[in-house]
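Coordinate analysis (summary)
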Amino acid sequence: MSGRVVITGWGVASPLGNDRATFAHALLNGQSAGAPIRGFDARGFACRIAAEVPAYDLAASCPGWDLTALVGTGDRKAELGLLAAHQALAHAGLLEPGTGPDAISLGTGLSSVLVAEVEAELIPFLREDGEFDHEAFARGALPARRFLHRHLPGRTTALLAQLLGVTGPRATSFAACAAGAHAIALAGRWIARGEAERVLAGGLDSMINPFGLASLQLLGTLTTRNDRPAAASRPFDRDRDGFLLGEGAAMLVVESAASAQARGAPILAELLGSGSSLDAWHVTAPHPDGRGAVLAMRRALADAGRSPADVDYVNAHGTATPLNDPVEITAFREVFGPHADRCPISSTKSMHGHLIAAAGALEACAVLVALQHQWLPPTINVAHLDPACAADVVPNVGRAARLEVALSNSFGFGGQNGCLVFGTGQD
């Protein structure tokens, strides 16, 4: 990555808290957001726990923004995205008219379709014999068009662009669990190429709804440790049984160093490089040798101009699924060689759960917290480390460390991989 790309602000709407201070405190102290699902009646599901975002007042949290486009839509993903975006822009000092970002790059996931929406759109077109009346639907499908508009992947990107008057580049990544990381990487490349100076970048997702939970349950990826929700997410542990579903949004202000210096903005960290790859292997399973993960990590380090020995910490993808964790550690050892025994690698998903498309963005914020506080966030709930995951996973309790360079891994469904390299931003 040519030219310095820096971070000047960030914000979160997360299971560990809806502001930077609360999120950082919970992260560094090993707190779990796992709890019984509150948002709907999940009694009929095998998995009845998740990591939900605490209650929030969107209007009070986003003063000055016209939120009428969201009223009555039930669009939780967009609400979480706006909550995090307002925080990030305020943190960077970019809320005043004419000072905002000139580009937007967001990662998002499958739409959070509500049961009530499906009922409202389709039940009126059922005939008495139970068959669907396609002709009547075609004649009266104006509500359906509104339904489709709400669920377009780029809707939140477009809404933020309108709110902020952004006329420069904008993009929406739909790369599953790597979407947030890809969005941040693209922001860095826009800046390095001179196509933008300040980019609002991040991810947003919420699959804690009946359709989302059902789809992930069918894939067999979710933990069913319902009796102990706070201990359910167990990355690298011998007895892990799947990930704890999370939700939320995280946004970063990614900016050229020249722009930040010109306006006197504090530099919080530096985006040193990024890398991506495809496994080209399976829809849900990683390549057994970690082939795509190896490529993404190596490309990110090469882009950053750093060797594995330069890395002081790795924020793992670490989902706590039986397949992901040992494959990731295998890939980590392939890339890092002898340094793998000295480099800590922890999974913060053990605390905040798996935010799917927003995971890479929230974990980028976790890396910022680690660099700022010079503290390794732990992998909690490691009772018996799986021998196949042998590494310093910072088990159960965080600790102080000298951190200058950190790598964040995001390995998504479909073998979509994205890695980000951050530095402290100090010359």
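The numbering scheme is per chain: residues are counted from 1 as the chain's sequence reads. pLDDT decides what is reported in this predicted model: residues at 70 or higher carry local features, side-chain atom pairs at 80 or more are listed and counted, and totals for whole chains, interfaces and linings draw on all residues regardless. No hydrogens and no water enter the side-chain calculation; it runs on all heavy atoms of the structure.

**With respect to the environment of His182**
Selection criterion: The numbering of helices and of strands both runs from the N terminus, where a helix is a DSSP run of H or I of at least 4 residues and a strand a run of E of at least 2. The contact definition used throughout considers only heavy atoms, calling two residues in contact when any of these lie within 4.5 Å.
By secondary structure assignment, the location of His182 is in helix 8 (residues 179–192). Sequence separation between His182 and Leu301 is 119 residues; the distance between their C-alpha atoms is 15 Å. In this structure His182 touches Ser173, Ala175, Ser276, Asn417 and Gly418, once residues within four positions along its chain are discounted.

**Some details on the sheet that holds strand 7 (residues 247–256)**
Across a sheet, strands are paired by hydrogen bonds formed along the backbone, either parallel or antiparallel in direction. Worth spelling out the cut-off: Note on pairing: DSSP must find at least two bridges between two strands before they are called paired. Every axis corresponds to a line fitted to the C-alpha atoms, with the helix fit spanning only the stretch in contact, and the corresponding angles, defined between N-to-C directions, vary from 0 to 180 degrees.
Pairing is mixed across the open sheet formed by 10 strands, whose spatial order is 5-4-6-7-1-8-14-13-9-10. Every interior strand has two partners, whereas the edge strands, strand 5 (170–173) and strand 10 (345–346), have only one. With eight bridges connecting them, strand 1 (residues 5–13) and strand 7 associate as antiparallel partners. The residue bridging Ile7 from the neighbouring strand is Val254, located in strand 7. Contacts between helix 8 and the sheet are confined to strand 1, strand 4 (103–108), strand 5, strand 6 (198–206), strand 7, strand 8 (269–278), strand 13 (405–412) and strand 14 (416–423), with strand 4 contributing the most and set at about 160 degrees to the helix. Docked against the sheet, helix 11 (residues 291–304) engages strand 8, strand 13 and strand 14, running at close to 145 degrees with respect to strand 8.

**Brief notes about the packing of aromatic side chains**
In plain terms, the rule: Note on aromatic pairs: the rings of Phe, Tyr and Trp (six-membered ring only in Trp) are paired at centre separations within 6.5 Å, and the planes decide the class, stacked below 30 degrees, edge-to-face beyond 60, tilted for the rest. The cut-offs for exposure are 20% and 50% of the maximum accessible area for each residue type, with area from a 1.4 Å probe on protein chains only; residues under the lower value are buried, those over the upper are exposed, and the others partly exposed.
What the rule picks out here adds up to four aromatic pairs. Ring geometry for Trp10 against Phe23: centres 6.1 Å apart, planes inclined by 70 degrees, an arrangement best described as edge-to-face. You can see Trp10 sitting in strand 1 and its partner Phe23 sitting in helix 1 (residues 20–28), a full 13 residues away along the chain. Comparing Trp10 with Phe23 shows no difference in burial state: the two are buried.

**Here's the deal with the state of the cysteines**
Counted only if it meets this: Two cysteine sulfurs form what is called a disulfide whenever their separation falls within 2.5 Å.
Evaluation of the coordinates by the stated rule reveals zero disulfides. A disulfide-free cysteine, Cys343 has its sulfur positioned 13 Å from the sulfur of Cys419, the nearest such atom. Under the relative-accessibility criterion, Cys343 is labelled buried at 1%. Cys343 supplies the cysteine sulfur nearest to Cys389, a cysteine that is in no disulfide, at a spacing of 16 Å. You can call Cys389 buried: its relative accessible area is 0%.

**With respect to the side chain of His317**
Using the following cut-off: Polar contact is the term for a pair of N or O atoms within 3.5 Å; when the atoms are in protein, one must be able to donate a hydrogen and the other to accept it, and sequence-neighboring residues count only if both atoms are side-chain atoms.
Position of His317 relative to the elements: it lies in the loop between strand 9 (313–315) and helix 12 (324–336). For His317, a relative accessible area of 1% gives the class buried. Reaching out from His317, the side chain makes a polar contact with the backbone oxygen of Phe411 at a distance of 2.7 Å.

**Focus on the nonpolar core**
Where we set the bar: Residues belong to a common nonpolar core when they are buried Ala, Val, Leu, Ile, Met, Phe, Trp, Tyr or Cys residues joined through side-chain atoms within 4.5 Å.
Ranked by size, the top nonpolar core spans 68 residues in total, and within it Phe23, Leu245, Leu252, Val254 and Phe422 carry the most contacts. In terms of residues, this core owes the most to one element, helix 14 (residues 359–373), which gives 11 residues. Counting residues in each nonpolar core, the second largest holds 29 residues, with Phe236, Leu272, Val382 and Val393 among its members.

**Focus on the pairing of strand 7**
Within strand 7, 10 of the 10 residues are buried, which leaves it mostly tucked inside the rest of the structure. Both faces of strand 7 are covered, namely the face carrying Glu247, Ala249, Met251, Val253 and Glu255 and the face carrying Gly248, Ala250, Leu252, Val254 and Ser256.

**Comments concerning the environment of Arg127**
With respect to the secondary-structure elements, Arg127 resides in the loop between helix 4 (115–122) and helix 5 (134–139). Look at Arg127 and you get partly exposed, because its relative accessible area is 39%. As for Arg127 and Asp57, which are separated by 70 residues in sequence, their C-alpha atoms are 41 Å apart. Residues in contact with Arg127, not counting those within four places in the same chain, are Phe132 and Asp133.

**A look at helix 7 (residues 155–164)**
Of the residues making up helix 7, those classed as buried are Arg155, Thr156, Thr157, Leu159, Leu160 and Ala161. Once helix 7 finishes, Gly165 follows within two positions and takes phi at roughly 70 degrees, a positive value.

**Re the pattern of salt bridges**
Rule in force here: Any carboxyl oxygen of Asp or Glu that lies within 4 Å of a side-chain nitrogen of Lys or Arg is treated as forming a salt bridge with it.
In the structure shown here, the tally under the stated rule is 19 salt bridges. For Arg189, the salt bridge is made with Asp303, and the minimal N-O distance between the two is 3.6 Å. Note that Arg189 is positioned in helix 8 and Asp303 in helix 11, a separation of 114 residues in sequence. Connected via shared salt-bridge partners are Arg240, Asp325 and Asp386.

**Some words on the packing of helix 1 against helix 14**
Selection rule: When describing relative orientation, an angle under 35 degrees is termed roughly parallel and one over 145 degrees roughly antiparallel, while 65 to 115 degrees is termed roughly perpendicular and anything else oblique. When residues are grouped by polarity, Ala, Val, Leu, Ile, Met, Phe, Trp, Tyr, Cys and Pro land in nonpolar, Asp, Glu, Lys and Arg in charged, and all others, Gly among them, in polar.
At a minimum axis separation of 10 Å, helix 1 and helix 14 run at an interaxial angle of 75 degrees. Judged by the angle between their axes, helix 1 and helix 14 are roughly perpendicular. Here helix 1 contributes Phe23, Ala24, Leu27 and Leu28 to the contact with helix 14, which in turn contributes Leu362, Cys365, Ala366, Val369 and His373. By residue class, the composition of the contact of helix 1 with helix 14 is eight nonpolar, one polar and no charged.

**A closer look at the packing of helix 11 against helix 12**
The condition is simple: Note on convention: the crossing is left-handed when the near helix lies turned anticlockwise from the far helix by less than a right angle, right-handed when the turn is clockwise.
Running from amino to carboxyl end, helix 11 crosses helix 12 at an angle of 40 degrees, the nearest separation of the two axes being 9 Å. One finds that helix 11 runs oblique with respect to helix 12. Helix 11 and helix 12 meet at a crossing whose hand is right-handed. Where helix 11 approaches helix 12, its residues Ala293, Val294, Met297, Arg298 and Leu301 are matched on the opposing element by Ala331, Phe332, Glu334, Val335 and Phe336. The class makeup of the residues in the contact of helix 11 with helix 12 is eight nonpolar, no polar and two charged.

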